[in-house]
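# Observations on chain architecture
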Amino acid sequence: MSEGAAATRTRAGFYLDSVALMRISREVEGLAGVSAASLMMASPSNKELLRDAGLLDAASDGAGPNDLVIAIRAEGGDALHAAFEAAEAALAGRSGGGGQRQGWNPRSLETALRALPAANLAIVSVPGEFAAREARRALERGLNVMLFSDNVAIGDEVALKALARERGLLMMGPDCGTAIIAGAPIGFANAVPRGDIGLIAASGTGLQEVACLIARAGGGISHGIGVGGRDLGAAVGGAMTLAALDALDCDPATRRIVLISKPPDPGTARRIAARIADSDKRFTLCCIGMAKMDLPPNAAQATTLRAAAEDARAGAGAPEPARTLREALGRPHRKGGALRGLYSGGSLCAEAQAVLTDAGIGFASNVPIPGAGDARSGHSLIDLGADEYTRGRPHPMIEPAVRDTPLAAALADPAVAVVLADVVLGHGAHPDPAGRLAAVLAAHEGEAPVVIASVCGTEADPQIRSDQVAALREAGIVVAESNAGAAETAAALLAG
């Protein structure tokens, strides 16, 4: 099929959040004869994305930030018309008249606060150009903020977090997709029981994995506070990590605190260690890929997310069962073949890399960690949630079909011996990510590499973890109890 013709429609004054728009875009793109579909608010950056993709025409070039652009490329007028009709129908199903959602839909922060005067948290999910302004307005009104938006300037982040600290508030983010506050999952988060372990994370899937492992071992979470991926860098200096430490240190329901991140800036790491030394509580630091840190006596360092969960539970976590490795070794696999890791979670990808590095296995990756070794081995691990894969597309946790093409290529490549994959459950995630992974494997003909997966989730999640595990095993996929265990199994196969 040729690419076909592209056209747009504009819905003036119509707002829908980016997650909902990405889902609709994916639905429309799956229609017969449609080669591309994108529904976006017409912010300058989004219009640039559409222009680069050859999807922005003169009809929508004048659209403004408060307008929705429906851009579609299809083969033939009938397919194009059907795609627009499907997009309009999907939008109608998610909104009421005039572009408003069904039910109560405040048009401003002030209106919302008049209706909910006791509210203390605002979630900001608008295009990055406007996110800092909205976050500042919320902070100035005494609200803690979870800033889901990305593409926020680093200078704005520093200023917002300084304002939050002045006012004794949390400013989680930007690009903060996961939090668990007083038992309530927010964003991409799992259903876990309340408990006495507090989590602070510059990583969404890192927080999810640790919380789920703790829950499955019988523990619970007091609060899980996301701080944004740049918080521990030199520019921000751990501003919100320190604020979160203060909050959890003062919380009588929190007995132990776990900090999860990629390697922090050295100066920031020293500030965090000094703050921990002032506390009477016990801490676990899991800075994936970081060399041994100089920590005070009340803190321990974990090299994997699994180890962090076990340490937080005072060693109560069960060791990785030998069954996973026995099951993998029992499958026919190509000796000396390559590894392909295809991840929806960036921190899960980084953890797998740390495990492989410790095993002396080099690889190429778009998520570099210290000491990764020689990339000429032919092994590779990819975070499919990185910006280069998600520009104008759904995140793979929302739409796991993003993994279909690279997974099919890995299955068909005779040089590939092992495929690693993660399946992430929870609120906001796809309703059946395991089913999608299994379907791609079922469509493959001929001999396939050994596929090893882990499932980040709990029985209380909407997808039900045991159902997802069963679907994977029925498809012939080896399922490890943790992401680290899956990587260890892959390393053993490569060594064997």
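The rules behind the values
- Residues numbered from 1 in each chain as written.
- Predicted model: local features only at pLDDT ≥ 70, side-chain atom pairs only at ≥ 80, totals over all residues.
- Heavy atoms only, no water.
- Salt bridge = Lys/Arg side-chain N within 4 Å of Asp/Glu carboxyl O.
- Helix = DSSP H or I, 4+ residues; strand = E, 2+ residues; numbered from the N terminus.
- Buried < 20%, exposed > 50% of the residue type's maximum accessible area, 1.4 Å probe, protein only.
- Pairing = 2+ DSSP bridges.
- Expected span 1.5 Å × (residues − 1).
- Arc of directions from axis to C-beta.
- Contact = heavy atoms within 4.5 Å.
- Patch = residues over 30% accessible without salt bridge, like charges linked within 9 Å, V, L, I, M, F, W, Y side chains within 5 Å.
- Areas by Shrake-Rupley, 256 points an atom, 1.4 Å probe, with all protein chains shown as cover.
- Lys, Arg positive; Asp, Glu negative; His and termini not counted.
- Charge placed at Lys NZ, Arg CZ, Asp CG, Glu CD.
- pLDDT = per-residue confidence, 0-100.
- Phe/Tyr/Trp six-rings, centres within 6.5 Å; stacked < 30°, edge-to-face > 60°.
- Core = buried A, V, L, I, M, F, W, Y, C linked by side-chain atoms within 4.5 Å.
- Axes fitted to C-alpha atoms, helices over the stretch in contact; angles between N-to-C directions.
- Parallel < 35°, antiparallel > 145°, perpendicular 65-115°, else oblique.
- Left-handed = near helix turned anticlockwise from the far one by under 90°.
- Nonpolar A, V, L, I, M, F, W, Y, C, P; charged D, E, K, R; others polar.
- Right-handed = clockwise from strand over helix to strand, strands pointing away.

### Focus on the pattern of salt bridges
Counted by the stated rule, this structure contains 20 salt bridges. In this structure, R11 and E88 form a salt bridge, with 2.5 Å as the shortest nitrogen-oxygen distance. Here the residue R11 occupies a position in strand β1 (residues 5-11), and E88 occupies one in helix α3 (residues 77-93), the gap between them amounting to 77 residues. On the basis of relative accessible area, R11 is assigned to the partly exposed category, the value being 25%.

### Notes on the sheet that holds strand β15 (residues 364-365)
Pairing in this open sheet of six strands is parallel, and the strands run β15-β16-β14-β17-β18-β19 from one edge to the other. Each edge of the open sheet is held by one strand with a lone partner, namely β15 and β19 (478-480). Pairing of strand β18 (residues 450-456) with β19 involves three bridges; the strand directions are parallel. Pairing of S454 across the sheet is with A480, part of β19.

### Quick notes on helix α6 (residues 154-166)
For α6, with 13 residues, the first-to-last C-alpha span of 19 Å sits near the 18 Å given by 1.5 Å per residue. Taken together, the buried positions of α6 are occupied by E157, L160, K161, L163 and A164. Down the axis of α6, the buried side of the element spans an arc of 155°, and every buried residue falls inside it. Among the structural elements, α5 (128-140), β5 (144-147), β6 (171-172) and α8 (239-249) are those in contact with the buried residues of α6. Positive backbone phi, at 70°, marks G168, one or two positions downstream of α6.

### As for a negative patch on the surface
On the surface, a cluster of negative charge is contributed by D150, D175, D387 and E388. With respect to the helices, strands and loops of the structure, E388 is situated in helix α13 (residues 387-390).

### Topic: the confidence of the model for the protein
Caution applies to low-pLDDT parts of the model: their predicted coordinates are not meant to be read in detail. Per-residue confidence for the protein gives a mean pLDDT of 89, with 92% of residues at or over 70. Within the model, the stretch residues 96-102 combines pLDDT values under 50 with 13 contacts to residues more than four positions away or in other chains.

### Structural notes on the packing of aromatic side chains
For any pair of aromatic rings, the description consists of the separation of the ring centres together with the inter-plane angle of the planes. Under the defined criterion, the tally for this structure stands at one aromatic pair. Summarising the aromatic geometry, the rings of F148 and F188 are spaced 6.2 Å apart at their centres and angled 35° between planes, so their arrangement reads as tilted. Of this pair, F148 sits in the loop between β5 and α6 while F188 sits in the loop between β8 (184-187) and β9 (194-201), and the two are 40 residues apart along the sequence.

### A few points about the nonpolar core
With 53 residues, the main nonpolar core has L199, V210, I214, L381, L420 and I452 as its most contacted residues. The element that contributes the greatest number of residues to this core is helix α12 (residues 346-358), accounting for seven residues. Every residue in contact with L420, bar those within four places of it in the chain, is listed here: L339, R340, G341, L342, Y343, I452, A486, A487 and A490. Listed in part, the 45 residues of the second largest apolar core include L109, L147, A243 and L259.

### Looking at helix α10 (residues 305-312)
Three or more residues of α10 are buried, namely L305, R306, A308, A309 and A312. Angular distribution of buried residues about the axis of α10 spans 160°; they occupy a single face of the element. Buried residues along α10 sit in contact with β9, α7 (204-216), β11 (256-261), β12 (282-287), α12 and α17 (483-495).

### Comments concerning the sheet that holds β6
The pairing of strands in a sheet happens through backbone hydrogen bonds and is either parallel or antiparallel. The strand order across the open sheet built from three strands is β4-β5-β6, with neighbouring strands paired in parallel fashion. Single-partner strands in this sheet number two, and they are β4 (121-124) and β6. Contacting β4, β5 and β6, α5 crosses the sheet at an angle of about 160° to β5.

### Side note on the packing of α12 against α17
Contact pair α12 / α17: the axes reach a minimum separation of 9 Å and the direction vectors enclose 40°. When the axis of α12 is compared with that of α17, the two are oblique. As for how α12 packs across α17, the hand of that crossing is right-handed. Between α12 and α17, the residues in contact are L348, E351, A352, V355 and L356 and N483, A484, A487, E488 and A491, respectively. Across the contact of α12 with α17, the residue classes tally to seven nonpolar, one polar and two charged.

### What about the pairing of β18?
Within β18, seven of the seven residues are buried, which leaves the element mostly enclosed by the surrounding structure. Of the two faces of β18, both are covered, the one formed by V450, I452, S454 and C456 as well as the one formed by V451, A453 and V455. In this fold, the crossover linking strand β17 (residues 416-424) to β18 by way of helix α15 (residues 433-443) has right-handed handedness. A crossover links β18 with its parallel partner β19, the connecting element being helix α16 (residues 465-474), and its sense is right-handed.

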